[in-house]
Amino acid sequence: MSNPTRVPFLDLVAPHQELRDELLSVVNKAFDTAGFIGGPMVEEFEREFAAFCHSKYCVGVNSGTDALRFAFMAAGIGEGDIVVTVPHTFIATTEAISQAGASIAFVDIHERTFTMDPMKLREYLETRCDYDAAARKLVERKSKKRVAAIVPVHLYGQTADMDPILELATKYNLIVVEDACQAHGAEYYSEKNKTWRRAGSMGLAAAFSFYPGKNLGACGEAGAITTDDAALAQRMKMIRDHGQAKKYYHDIEGYNGRLDAIQAGWLTVKLRHLEKWNESRRALAHRYHHLLSDVKEFIEIPVEAEWTRGVFHLYVVRVRERDLLQSYLAEAGVGTGIHYPIPLHLQKAYETLGSRTGDFPCTERIAREILSLPMFPHLGHAEQDEVVRKTREFLGSRVASVR
Ligand SMILES: Cc1ncc(COP(=O)(O)O)c(C=O)c1O
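**Student:** Tell me about the pattern of salt bridges, and name the residues and values.
**Tutor:** Side chains bearing opposite charge may pair, as long as their charged atoms lie close to each other. Evaluated as defined, the whole model comprises 26 salt bridges. With a shortest N-O distance of 3.4 Å, Arg-122 and Glu-126 are connected by a salt bridge. A residue pair is termed a helical-turn pair when its members lie 3 or 4 positions apart in one helix, as Arg-122 and Glu-126 do in helix H6 (residues 118–127) at 4 residues. The class for Arg-122 is partly exposed, based on a relative accessible area of 31%. A relative accessible area of 33% places Glu-126 in the partly exposed class. With its nearest N and O atoms 2.9 Å apart, the salt bridge here joins Asp-294 to Arg-392. Note that Asp-294 is positioned in the loop between helix H9 (261–292) and strand E14 (299–300) and Arg-392 in helix H12 (residues 381–398), a separation of 98 residues in sequence. We classify Asp-294 as exposed; its relative accessible area is 54%.

**Student:** Give me the lowdown on the site of the ligand, citing residues and values where you can.
**Tutor:** Close to the ligand lie 14 residues; Gly-64, Thr-65, Asp-179, Ser-209 and Lys-214 are nearest. Measuring from an oxygen atom of the ligand, one finds a side-chain N or O atom of Lys-214 at 2.7 Å. Expressed as a share of its isolated accessible area of 390 Å², the protein-covered part of the ligand is 92%. Among the elements of the structure, helix H4 (64–74) and helix H5 (92–99) are those that each provide at least two residues to the shell around the ligand. A breakdown of the residues in the shell around the ligand according to their chemical character gives 5 nonpolar, 7 polar and 2 charged.

**Student:** Before we move on, could you go through the sheet that holds strand E9 (residues 195–198) and cite the residues and values that matter?
**Tutor:** With respect to topology, 3 strands assemble into an open sheet ordered E9-E8-E15, the strand pairing being antiparallel. The open sheet has two edge strands, E9 and strand E15 (308–309), and neither has a second partner. Bridge count for strand E8 (residues 187–190) against E15 is 2 bridges, and the pairing is antiparallel. Within E15, the residue paired with Glu-187 across the bridge is Arg-309.

**Student:** Describe the nonpolar core, listing the residues and the values that go with them.
**Tutor:** If you look at the biggest cluster of nonpolar residues, it comprises 37 residues, and the most contacted ones within it are Val-84, Leu-121, Tyr-124, Leu-125, Val-147, Ile-150 and Leu-174. A total of 5 residues in this core trace back to one element, the largest contributor, which is helix H7 (residues 162–171). With sequence-adjacent residues up to four places away left out, Val-147 is seen in contact with Ile-82, Val-84, Tyr-124, Leu-125, Cys-129, Leu-138, Glu-140 and Leu-174. By size, the runner-up hydrophobic cluster in this structure holds 34 residues, among which are Ala-50, Ala-186, Ala-218 and Val-269.

Calculation criteria
Residues numbered from 1 in each chain as written. Predicted model: local features only at pLDDT ≥ 70, side-chain atom pairs only at ≥ 80, totals over all residues. Heavy atoms only, no water. Salt bridge = Lys/Arg side-chain N within 4 Å of Asp/Glu carboxyl O. Helix = DSSP H or I, 4+ residues; strand = E, 2+ residues; numbered from the N terminus. Buried < 20%, exposed > 50% of the residue type's maximum accessible area, 1.4 Å probe, protein only. Near = heavy atom within 4 Å. Polar contact = N/O pair within 3.5 Å; in protein donor to acceptor, adjacent residues only side chain to side chain. Areas by Shrake-Rupley, 256 points an atom, 1.4 Å probe, with all protein chains shown as cover. Nonpolar A, V, L, I, M, F, W, Y, C, P; charged D, E, K, R; others polar. Pairing = 2+ DSSP bridges. Core = buried A, V, L, I, M, F, W, Y, C linked by side-chain atoms within 4.5 Å. Contact = heavy atoms within 4.5 Å.

As structure tokens, this is what we get:
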């Protein structure tokens, strides 16, 4: 039998206890005005989150999945289109593509960064598709479908390598929608623009999730889309609200995908703490790096590429005997996670795509070896030391040179 958890994988209680009065005052405010849907609290959050992301507009919606789906739909992506993304992500990325009516094409991730490999993207676009320069249209040879968009996923809080991805998108007239659901506040150094750019400000649009465990989490379900395009923002507002811009005047069919006022109010309170929490995650990540640096040969610590300033939504190490280490830590009361154990192209849900083992070797390799260690802003040094001590103890039991 395993011990009671001594170091949780994630502590959601502490940050909420700390902000208890502020968060409860949001509930009181909504209670007094009965303004539960839309209204000033949603607008205030949208303004503040857009500013945080260095973006012009933010549209609050009810999940990250809807954020992606509404962005695709508003950008005109649907049936007959292909959207290119990675097989190493949460299934919501691809669900949103299918739910918008489009087809999924995968390209592999980069071994070091776990995000979309721009070389693999280029290979797909240039060897499996034909570009009609006059029509500015890229068509996948096998399916004859138009390749319409690319979705780089800023996984674990680190941005994808955006310069080459955006360059390919421009060259082939493709839309880029960032999946920034795990990357609130992450930054990318654009060599091209000679400046740091925030996740959410680089593509035509970007999707964020505020699922409670995210770096910025609601107290329930919530999401948002950022964009600099006023017309796109307007369309997304209509899509989230039954296709209406004015009450009961429905220009299109839409969805019930709005952000609740209470969630927006809570998010505004928590947004004011996000920079501090992200800094704390970064400091903890660097402390993990340091404490594990001499056993790097046996446990690979996350690579922070020179072009990213990550916000460590997750701290993901790579280790050959991953399952054994996970069990060992569980026995010692240390919570861990695997994000994600089965690559999307090998999931039952995507059997019909016809992918096979071996199609995306990098994703498949790392899916067998990754382990997410406890990472949250309130993780104490003593708790972190315990995670490291138990990890080293496990490695020491396998490799004589590790103490
Ligand atoms: C990479 C990624 N994309 C999309 C989503 C979907 O967000 P939500 O759960 O808010 O629908 C998530 C959330 O778990 C995610 O991690």
